[in-house]
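# Coordinate analysis (summary)
These are the residues of each chain, in order.
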Amino acid sequence: MTLLPPPPPPPARAAQALPPPPAPPAREHATTDWFPMRIAPVREGEYRVKHEDTRTRHVFYTREYWNGKRWPGMVGKFSAVGWCGLALEPKQ
């Protein structure tokens, strides 16, 4: 009785590279121009506020709430230099 060697494995297929996933759609919103802090927003809501560290001159941005009279969340050693908002009409 003669033993036969096992059959050879099937030829390996070349790995096919998958196409990259599609890029997500851009989610940029139109914003207003930057206004100095001495000009108050017309509507209550959240705005993007530009701050500057008075010691190092480092600039950074935060989201702050305007309650119609003042910016209640802004405290600290950083100087707010301007704000901008979304350039969209609010829903009536």
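Whatever comes next refers back to the structure up there.
Here we summarise the structure given alongside this text. All figures in this text were calculated on a predicted structure; none of them were measured in a lab. (Residues numbered from 1 in each chain as written. Predicted model: local features only at pLDDT ≥ 70, side-chain atom pairs only at ≥ 80, totals over all residues. Heavy atoms only, no water.)

### Structural notes on the overall build of the protein chain
Helix and strand content of the protein chain: zero helices and three strands. Ordered by position from N to C terminus, the α and β elements of the protein chain give β-β-β. Counting every position in the protein chain, which comprises 92 residues, the buried fraction comes to 14%. Surface accessibility of the protein chain: about 8,600 Å² in total, with carbon and sulfur atoms responsible for 58%. (Helix = DSSP H or I, 4+ residues; strand = E, 2+ residues; numbered from the N terminus. Buried < 20%, exposed > 50% of the residue type's maximum accessible area, 1.4 Å probe, protein only. Areas by Shrake-Rupley, 256 points an atom, 1.4 Å probe, with all protein chains shown as cover.)

### Brief notes about the pairing of strand 1 (residues 45–53)
Pairing of strand 1 with strand 2 (residues 59–66) involves eight bridges; the strand directions are antiparallel. If you follow His51 over to strand 2, its bridge partner there is Phe60. A loop of five residues connects strand 1 with strand 2, the two strands running antiparallel in sequence, and Arg57 in this loop sits at a positive phi of about 65°. (Pairing = 2+ DSSP bridges.)

### Thoughts on unusual backbone geometry
Glycine aside, residues mostly have negative phi, and peptide bonds are mostly found in the trans state. A positive phi angle, near 65°, is found at Arg57, a position not held by glycine. Relative to the assigned elements, Arg57 resides in the loop between strand 1 and strand 2. Residue classification places Arg57 among the exposed residues on the basis of a relative accessible area of 55%.

### What to know about the sheet that holds strand 3 (residues 78–84)
Spatially, 2-1-3 is the arrangement adopted by the three strands of the open sheet, whose pairing is antiparallel. Sheet topology places strand 2 and strand 3 at the edges, where each strand pairs with a single neighbour. On average, adjacent strands in this sheet sit at an angle of 35° to one another, irrespective of strand direction. (Axes fitted to C-alpha atoms, helices over the stretch in contact; angles between N-to-C directions.)

### Side note on the environment of Pro41
Among the secondary structure elements, Pro41 is positioned in the segment before strand 1. A residue is classified by how much of its surface remains accessible, and Pro41, at 7% relative accessible area, is buried. Along the backbone, Pro41 and Cys84 are 43 residues apart, and their C-alpha atoms lie at a distance of 8.7 Å. When near neighbours in sequence (up to four residues on either side) are disregarded, Pro41 contacts Tyr47, Trp66, Trp71 and Trp83. (Contact = heavy atoms within 4.5 Å.)

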